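# Structural overview
What follows is each chain in one-letter form.
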Amino acid sequence: DIGGQDMKCLKIKDGTIGIGDYAFCEKEFYLYYMHLPPSIKTIGRCAFMNFSIRTLFLDKFNFTIGKDAFKNCRSEVIVNKGKYQKAKEYFQEVKEYK
């Protein structure tokens, strides 16, 4: 059980192509940093719903997002390359690094 913890960071392994439906939904832990690699193609339905991530770093925004994947997800999103405007459709606070 990983619920109820503060974690420093979560790095999804390079080469991972998808995060399943409800993968981290309702987990009660706070991440300071999470990195999603450019290999990610899909994020499932409700995958990070109600999840707290201080900073979500995206190398690229080139994936499909399922319904409510980030609903009530409290985080600052940083997009490193491309599709900054698309990210703004899903997240309240988005910054772009070039």
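Heads up: the structure comes first, above all this text.
These numbers come from a predicted model, not from an experiment.

### As for the overall build of the chain
Per the secondary structure count, the chain includes 1 helix and 8 strands. Along the chain direction, N to C, the helices and strands of the chain fall in the order β-β-β-β-β-β-β-α-β. By the burial criterion, 42% of the 98 residues in the chain qualify as buried. Pairs at least 24 residues apart make up 31% of the contacts formed inside the chain by residues separated by at least 6 positions. Surface summary for the chain: the accessible area is close to 5800 Å², and the carbon and sulfur share equals 48%.

### Looking at unusual backbone geometry
Negative phi is the rule for most residues except glycine; trans is the rule for most peptide bonds. One non-glycine residue, Cys46, lies in the positive phi region at around 60°. Within the secondary structure layout, Cys46 lies in the loop between strand S4 (42-43) and strand S5 (52-60).

### Some points on the side chain of Ser39
For Ser39, the position within the fold is in the loop between strand S3 (30-36) and S4. There is a polar contact of 2.7 Å between the side chain of Ser39 and the backbone oxygen of Thr16. In contact with Ser39, not counting residues within four places along its chain, are Asp14, Gly15, Thr16 and Ile17.

### Points about the sheet that holds strand S6 (residues 64-65)
Overall, parallel pairing links the 3 strands, which are arranged S2-S4-S6 in an open sheet. Here the strands that pair on one side only, and so sit at the sheet edges, are strand S2 (18-19) and S6. Sheet topology note: the S2/S4 ladder contains 2 bridges and is parallel. Bridge pairing in S4 places Ile19 opposite Ile43.

Reading the values: the criteria
Residues numbered from 1 in each chain as written. Predicted model: local features only at pLDDT ≥ 70, side-chain atom pairs only at ≥ 80, totals over all residues. Heavy atoms only, no water. Helix = DSSP H or I, 4+ residues; strand = E, 2+ residues; numbered from the N terminus. Buried < 20%, exposed > 50% of the residue type's maximum accessible area, 1.4 Å probe, protein only. Contact = heavy atoms within 4.5 Å. Areas by Shrake-Rupley, 256 points an atom, 1.4 Å probe, with all protein chains shown as cover. Polar contact = N/O pair within 3.5 Å; in protein donor to acceptor, adjacent residues only side chain to side chain. Pairing = 2+ DSSP bridges.

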